[in-house]
Amino acid sequence: MSVIAKAGQDVAAVDTITVTIDGIEVAVPKGTLAIRAAELVGIAIPRFCDHPLLDPVGACRQCMVEVPDAGNGRGFPKPQASCTLEVANGMQIKTQHTSAIAAKAQTGMLELLLINHPLDCPICDKGGECPLQNQALSNGAGESRYQGVKRTYPKPVPISAQILLDRERCVLCARCTRFSEQISGDPLIALVERGALQQVGKYADDPYDSYFSGNVVQICPVGALTSTSYRFNSRPYDLVSTEVTCEHCAAGCTLRSDQRHGVVRRRLAAINPAVNEEWNCDKGRFAFVSGRGEDRLTTPLVRRDGELKPASWAEAIDAAVTGLKVAGDKVGVLTGGRLVVEDAYGYAKFARTVLGTNNIDFRSRPIGAGEAAFLAERVAGRTLNDAVTYADLETAGTVVLVGLEAEEEAPLVFLRLRKAVRKKGLAVKVIAARLSNGSSKLNAELISTVPGDEAAALRGLELPAGAVIVVGERAALAAGALTAAAEVADAAGARLAWIPRRAGDRGAIEAGCLPNLLPGGRTVADAAARVDVAGAWEVESLPTAEGLEAPAMLAAAVDGQLNALVVAGLEPVDFADAAAVRAGLDQVGFLVSLESRASEVTERADVVFPVALIEERSGTFWNWEHRPGAVGQVIRGTGAPMTDLRVLAALADGLGTPLGIRTTAQAAAELAELGGYQPAAPAKAAKASTRKAAAKPAAKAAGSDGEQLVKLSTWRQLIDGGRGQDGESAMAATAKPTVARISPALAERLGAADGQLVTISAAAGWYTMPVAISADMVDGTVWLPTNSAGTGLGELGVVFGDEVALSLGGEE
């Protein structure tokens, strides 16, 4: 018996048994597979179907071993598949290294697999990193005895817009079908036919449109599955690989980014057992080409005579310095969610020490009242040691999701929850207006809730000790939901986690990109904290008044109370009211933009600085767990644009107050030296904008025209209209259709049937789209995607929980 425990955990006893492999005795936990026991003593057994994260199946029969003694003094009469054989105490196993029987079985199996396998190696995407190539060389025969004609199929067969199948290469290992069924919960492909005709097939009317389909390409051992974006693009041995952290969401997946000739050719999931294990979503895998379009900014721009014109870096810096000097401390800083933590820290320091203001906010999205105070009290300043982690989700008995649609907004959190549901019986409860496809795959219990009533639903829960409550950023839009989540967690002895949508959000909080927060979780209202940071930054003092939140800054720009804005990349449609954002950008006295691609901000800016793409720089993203993830610099060269931090440092020099940091390493070291902080008093809520409420008159009342007033439920789908996915048309083709989901009762009142057009209208505009009737949808509610292609709710000026008018008919 062995004792296994991690620091701070209870000691757990594990039953062990002893097995001998090729004459080497090893103690392993009871239930260990023979192939895993061999790995523990450094013995590699060839395999194709085996994968440590998939259930054993014994499909390929390549891992055959001889078992002269099964632990009871008797052996197996024939070779056994080591990937399905659980070892027993005293078992004797001989692999191909010590057994001619095992070696012959493996060589024969390879010979059979190669009978119909095409000689595609010179053109196959897998060539150079192919397990079949490697094992044919190490364990196969020197030449083939087969003289017949190889079986062929038409190729390739698209099983989705981005995944292609070459059937004659397939060795029927079932890795792809098992992944789809067991890991992602999308059983849209299967092994069909029998015998020599068996092959991977898909449903005639349902393509393999899974958010995780790219993983089957990576785990396919023979190149039978390829992606449209990488097919015939490069050779593995021509690629230079760099480990990075994904920039698309807060999951923090570790990826391998492969480049050739200064261009990223593909991205793969890297192995990180604590975070993404060996998986990632298709958005992180394929959406890396958005910066290659004609809208890429490569030179500074300065507005002269009402028109943006190219300028030198010196001219652009001088123009920005002149405008910011005129503005004084009446400046706002909007950083967005794209920044690595080092750049976010640079903006936080720049705002306080150079501009003299706490008007800084990373939240380019709808903001709820009291959210900043919640983030200060429950999120900021935490470390990985006192935060909820992926492992905690996996071991919790119950997980409650509030304002978070895991598969859409944090896909690797979804995969970990699904693993726990399958393997450990995790109970998932979802407080929402409907049970989504992702929640169904978690066997989740739906707590039907009208948008805005989440606080009451939370207070009605009875949770066991050790449960985890997970809140997403949308929870802040439901009155009292964040407070209720914290109070219920405290009362029940549960743990509380906050999962934002963007990769840079958690690091921005830690860096101090909030109007009520300084770096390390220090609050602006705490005088001792201000003194602490001022001393570290070597300035006399910091501004004492809490700053404005993002909507309030934009409203102040319209009212003439702010003279300038410094913007680090945002899209107006992402906010609650896109028109109000555009008005603020239009009417502010001076606008400085730091971005990599031309945008709506560029059109309105007075000075534009081009900054590096994520692959052109290094840095760190903090994921939702508070775990730092390194971003390696993939593309190197003297022509790369400057980082945000270097631009800020140059502006600070021109404004006469040096920033003191210029490089990523300097910023990281300074932030680490500041460390965390325990506030002396509870944080106060930051000033919230009242502009949104004032700008949104109620939707018109239902009348004889058949309109129904309903509450709005919404979330962003993983593949949507976001600009970070531009340029990847195959992935865009797998996006879910844009529909309005309503309950059967509401459909009856409208007289609507599935597929009919309905119009959703608010004070700022309307959208028309097909309707889908969902049996589990709470009545009096309509669900819409937040930002599908061509449909952004920011254009309507409405957010989750608002009231909209719904009517039958309209034009697409």
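What counts and what doesn't
Residues numbered from 1 in each chain as written. Predicted model: local features only at pLDDT ≥ 70, side-chain atom pairs only at ≥ 80, totals over all residues. Heavy atoms only, no water. Helix = DSSP H or I, 4+ residues; strand = E, 2+ residues; numbered from the N terminus. Polar contact = N/O pair within 3.5 Å; in protein donor to acceptor, adjacent residues only side chain to side chain. Contact = heavy atoms within 4.5 Å. Pairing = 2+ DSSP bridges. Axes fitted to C-alpha atoms, helices over the stretch in contact; angles between N-to-C directions. Phe/Tyr/Trp six-rings, centres within 6.5 Å; stacked < 30°, edge-to-face > 60°. Buried < 20%, exposed > 50% of the residue type's maximum accessible area, 1.4 Å probe, protein only. Lys NZ or Arg CZ within 6 Å of the ring centre and 35° of its normal.

> What is the right way to look at the side chain of Arg 474 in this model?
Tracing the backbone through its elements, the reader meets Arg 474 in the loop between strand 23 (468–472) and helix 15 (481–492). Only 3.3 Å separates the side chain of Arg 474 from the backbone oxygen of Gly 403, close enough to count as a polar contact. When near neighbours in sequence (up to four residues on either side) are disregarded, Arg 474 contacts Gly 403, Leu 404, Glu 405, Glu 409, Thr 714, Trp 715 and Phe 800.

> Looking at this structure, how should I read the sheet that holds strand 25 (residues 564–567)?
Working definition: the strands of a sheet are paired by backbone hydrogen bonds and lie parallel or antiparallel to each other. As summarised here, the arrangement of the seven strands in space is 17-16-27-26-25-18-19, forming an open sheet in which the pairing is mixed. If you trace the sheet from one side to the other, it starts and ends with strand 17 (307–310) and strand 19 (360–361), each paired once. The pairing of strand 25 with strand 26 (residues 590–595) spans four bridges and is classified as parallel. Within strand 26, the position partnered with Val 567 by the bridge is Ser 593. Against the sheet, helix 18 (residues 550–559) contacts strand 18 (331–334), strand 19 and strand 25, and its axis sits at roughly 140 degrees relative to strand 18.

> What is the right way to read unusual backbone geometry from this model?
Most peptide bonds take the trans form, and the phi angle of most residues other than glycine is negative. The linkage connecting Lys 155 with the following residue, Pro 156, adopts the cis geometry, with an omega of -10 degrees. On the secondary structure map, Pro 156 appears in the loop between helix 3 (131–139) and strand 8 (157–158). Residue Asn 443 is not a glycine yet carries a positive backbone phi of 50 degrees. Backbone geometry at His 626 places phi at a positive 80 degrees, although glycine is not the residue there. Position of His 626 among the secondary structure elements: in the loop between strand 28 (619–622) and strand 29 (628–631).

> Please clarify how the packing of aromatic side chains should be interpreted in this entry.
Between two aromatic rings, the relevant description is the distance of the centres plus the angle of the planes. Going through the model one piece at a time under the given rule, you end up with six aromatic pairs. Plain terms: the ring middles of Tyr 390 and Trp 624 are 5.2 Å apart, the flat faces sit at 75 degrees to each other, and that makes the pair edge-to-face. Within this pair, whereas Tyr 390 is found in helix 10 (residues 390–395), its partner Trp 624 is found in the loop between strand 28 and strand 29, the two being separated by 234 residues in sequence. Between Trp 715 and Trp 783, the aromatic rings sit 5.2 Å apart at their centres with planes inclined by 55 degrees, giving tilted as the arrangement. Taken together, the positions of Trp 715 in strand 30 (residues 708–715) and Trp 783 in strand 34 (residues 781–785) put the pair 68 residues apart, joining distant regions of the chain. With respect to burial, Trp 715 and Trp 783 carry one shared label: buried. Lying over the aromatic face of Trp 783, Arg 434 brings its terminal NZ or CZ to 4.5 Å of the ring centre. In this structure, Arg 474 is placed above the aromatic ring of Phe 800, and the distance from its NZ or CZ to the ring centre is 5.8 Å.

By themselves, these figures tell us nothing about what the structure is for.
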